[in-house]
Amino acid sequence: GINQNPIALILIYTHKTSPRLEYIVKFIFNNIHGAEYSITTDKENFIASDNPKLNYSEEFIDNSLQIVPQGLLSETDILQKKVDVSDWNNSKIFFQANAEAEVPFDIFAASFYLVSRYEEYLPFSADQHGRFEANQSLAYRNGFLYDPVVDQWACILAGILKQKFPGFKTCEREFSYISTIDIDNAYAYLYKGTVRTLGAAMRDLFKLDFDENIKRFQTLAGEKDPFDTYGYLESMHKKYDINPIWFFLVGNYNTYDKNLPLDNEAFKELIQQISDIAEVGIHPSYESNNDFEQLKREFDYLSGVSKKPITKSRQHYLKLLFTETYQNLIKLGIKEDYTLGYATDTGFRAGTCTPFNFYDLYNEKETSLKIFPFQVMDTTLNQYLKLDVEEAVERISHMIEKVKQVRGTFISLWHNESLSDHGHWKGWEPVYKKMLEIIFKK
């Protein structure tokens, strides 16, 4: 056999390297596998090496695993691609090469296509909020939205490399979980100010919604506000030793941004209390999406109140445009973004459950902004998919299982109000608890 180094560095040969290729190779071998790799364009050197070898070119080279490039990674344009999806090894694949090959498709190009969100740079029909929706995606249309295919491919690739080169080692990473909570509306009735409170009471009166008004006046008279679920969340996080990230909406009041007045002392106190025990991120308002000055004001307000540097962000309404949204966050000094996921469906928007650095296709370069894709949001289950509690838990359990199989990072998006047992959240309070039980069951 081939002489092996104890921890073998994998050598990857290509005719000509490119920023796209370097980015995706790093993602697969470093981020997913924790393996060492080196890319070379020196064929003689490659042939002479004793290391595990991957040949990313069209010519056959003995003693190496070949993957035939399909062009995407050597291009510098953003072009409409004809993508045919087929099956291989219980996985969906595209950018197929020779069907007889050990790896019958360009795994690097296919991974790059999904992780860079290539298709979201192309023309698409947006929803009413300007969003790219799940049903527009290649993954949804071809039935692999609920699979972290990039991680699955990476695992299959590692298996083939290990068989070919017994010295090839990947560090087996551990499954991990990140809980993220959005506070769009800190309290249902309290601290809204007289005008808003009276307006809402009149509205409910017109709708003959007496329950809502009774609840409102009970709360104003001293009962606990239904959206005040902070203590309950905190006790669950303590129980499982979870460090959640809380995203606060601190925009001006308007149609889609309805949190408390920014000068309200109780609101500031809540931000400070949570910031003392947990990580706080910004939840840029709906209106800040095309107004950098507004975004900056919200950022400054939150940093000021929490007295901590704000480095994490998630867009309100998951409003995300490639690449404007991310460019603005980078300009603010945000290091991590948690927006990537769909409102209308659960699943893997970028085909992966491994956090990755945002690749800016317009400028053909990897950026320092780290993207943490989430897989499931409470509102998706309750409002978009209209599932009942059992169906929701079933759907969540299925997602967690998929992530555990590839030892990825499961990220959930919850709201303080979905634990309120109030309004359309009636009966939903246990879903979060059940999700944590599934995640942490040994």
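Located above this text is the structure these notes cover.
The notes below deal with the structure included here. (Residues numbered from 1 in each chain as written. Predicted model: local features only at pLDDT ≥ 70, side-chain atom pairs only at ≥ 80, totals over all residues. Heavy atoms only, no water.)

**Comments concerning the sheet that holds strand β3 (residues 53-55)**
The strand order β2-β1-β3-β4 describes an open sheet built from four strands, whose pairing is parallel. In this open sheet, the two strands that pair with only one neighbour each are β2 (37-40) and β4 (65-66). The pairing of strand β1 (residues 10-13) with β3 spans three bridges and is parallel. Across the sheet, residue I12 finds its bridge partner in β3, namely L54. This element, helix α1 (residues 19-32), spans β1, β2 and β3 of the sheet and lies at about 155° to β2. (Pairing = 2+ DSSP bridges. Helix = DSSP H or I, 4+ residues; strand = E, 2+ residues; numbered from the N terminus. Contact = heavy atoms within 4.5 Å. Axes fitted to C-alpha atoms, helices over the stretch in contact; angles between N-to-C directions.)

**Some remarks on the nonpolar core**
The biggest cluster of nonpolar side chains holds 118 residues, and the ones touching the most others in it are F29, F108 and F248. Residue contributions to this core peak at nine residues, all from helix α5 (residues 149-164). When residues no more than four places from it in sequence are discounted, the contact partners of F108 are L21, I24, V25, I28, F29, L54, Y56, I67 and L73. (Core = buried A, V, L, I, M, F, W, Y, C linked by side-chain atoms within 4.5 Å. Buried < 20%, exposed > 50% of the residue type's maximum accessible area, 1.4 Å probe, protein only.)

**Structural notes on the pattern of salt bridges**
Taken as a whole and assessed by the stated rule, the structure comprises 24 salt bridges. A salt bridge links D300 to K296; its shortest N-O distance comes to 3.0 Å. Taken together, the positions of D300 and K296, both in helix α10 (residues 292-306) and four residues apart, correspond to about one turn of that helix. Accessibility expressed as a relative area gives 32% for K296, which makes it partly exposed. Salt bridges sharing common partners tie together R117, E119, E120 and R349. (Salt bridge = Lys/Arg side-chain N within 4 Å of Asp/Glu carboxyl O.)

**A short note on the side chain of S303**
Position of S303 relative to the elements: it lies in helix α10. At 2.6 Å, the side chain of S303 forms a polar contact with the backbone oxygen of F299. (Polar contact = N/O pair within 3.5 Å; in protein donor to acceptor, adjacent residues only side chain to side chain.)

**Here's the deal with the pairing of strand β7 (residues 176-183)**
Taking burial as the measure, the eight residues of β7 include seven buried ones, the bulk of the element. As judged from the seven bridges shared by β7 and strand β15 (residues 409-415), these two strands associate in the parallel manner. Residue pairing in the sheet places S176 in a bridge with T409 of β15. Relative to strand β8 (residues 245-248), β7 runs parallel, the two sharing four bridges.

**Section: helix α3 (residues 107-115)**
Of all the nine residues making up α3, nine are buried; the element is thus mostly covered by neighbouring parts of the structure. Within the span of α3, buried status applies to I107, F108, A109, A110, S111, F112, Y113, L114 and V115. Against α1, β3, α4 (138-141), α5 and β12 (356-360) lie the buried residues of α3. Positive backbone phi, approximately 60°, marks R117, located one or two places after α3.

**Topic: the packing of α3 against α5**
Two measures define how a pair of helices packs: the angle their axes make with one another and the distance between the axes. Put simply, α3 and α5 touch, their axes get as near as 10 Å, and they point 160° apart. As judged from the angle between their axes, α3 and α5 are roughly antiparallel. Classified by chirality, the crossing of α5 by α3 is left-handed. Where α3 approaches α5, its residues I107, A110, S111, L114 and V115 are matched on the opposing element by V149, V150, W153, A154 and L157. Looking at the contact of α3 with α5, its residues break down into nine nonpolar, one polar and no charged. (Parallel < 35°, antiparallel > 145°, perpendicular 65-115°, else oblique. Left-handed = near helix turned anticlockwise from the far one by under 90°. Nonpolar A, V, L, I, M, F, W, Y, C, P; charged D, E, K, R; others polar.)

**What to know about the packing of aromatic side chains**
On inspection of all chains with the given rule, the structure shows 35 aromatic pairs. On the numbers, 5.1 Å between centres and 65° between planes, the contact of F105 with W153 is edge-to-face. Highlighted residues: F105 in the loop between β6 (91-93) and α3 and W153 in helix α5, separated in sequence by 48 residues. Residues F105 and W153 agree in their burial class; the two are buried. For the ring pair F124 and F132, a centre distance of 5.0 Å and an interplane angle of 85° mean the geometry is edge-to-face. (Phe/Tyr/Trp six-rings, centres within 6.5 Å; stacked < 30°, edge-to-face > 60°.)

**Some details on the state of the cysteines**
Summed over the entire model, instances satisfying the criterion amount to zero disulfides. The structure places no disulfide on C155, whose sulfur is separated from the nearest cysteine sulfur, that of C353, by 8.8 Å. Classification of C353 by relative accessible area gives buried; the value is 1%. (Disulfide = S-S within 2.5 Å.)

**Notes on α5**
Its 16 residues place the ends of α5 22 Å apart at the C-alpha level, agreeing with the 22 Å of an ideal helix rising 1.5 Å per residue. Burial in α5 covers these residues: V149, V150, D151, Q152, W153, A154, I156, L157, A158, I160 and L161. (Expected span 1.5 Å × (residues − 1).)

**What to know about unusual backbone geometry**
When glycine is set aside, most residues are seen to have a negative phi, and most peptide bonds are trans. In this structure, T323 follows F322 across a cis peptide bond, with omega equal to 0°. Even without being glycine, N90 reaches a positive phi, approximately 60°. Position of N90 among the secondary structure elements: in the loop between β5 (86-88) and β6. N90 gets classed as exposed once you look at its relative accessible area, which sits at 85%. The residue D241 is not glycine, and still its phi comes out positive at about 55°. Summarising the element assignment, D241 is placed in the loop between α8 (230-240) and β8. Look at D241 and you get exposed, because its relative accessible area is 65%.

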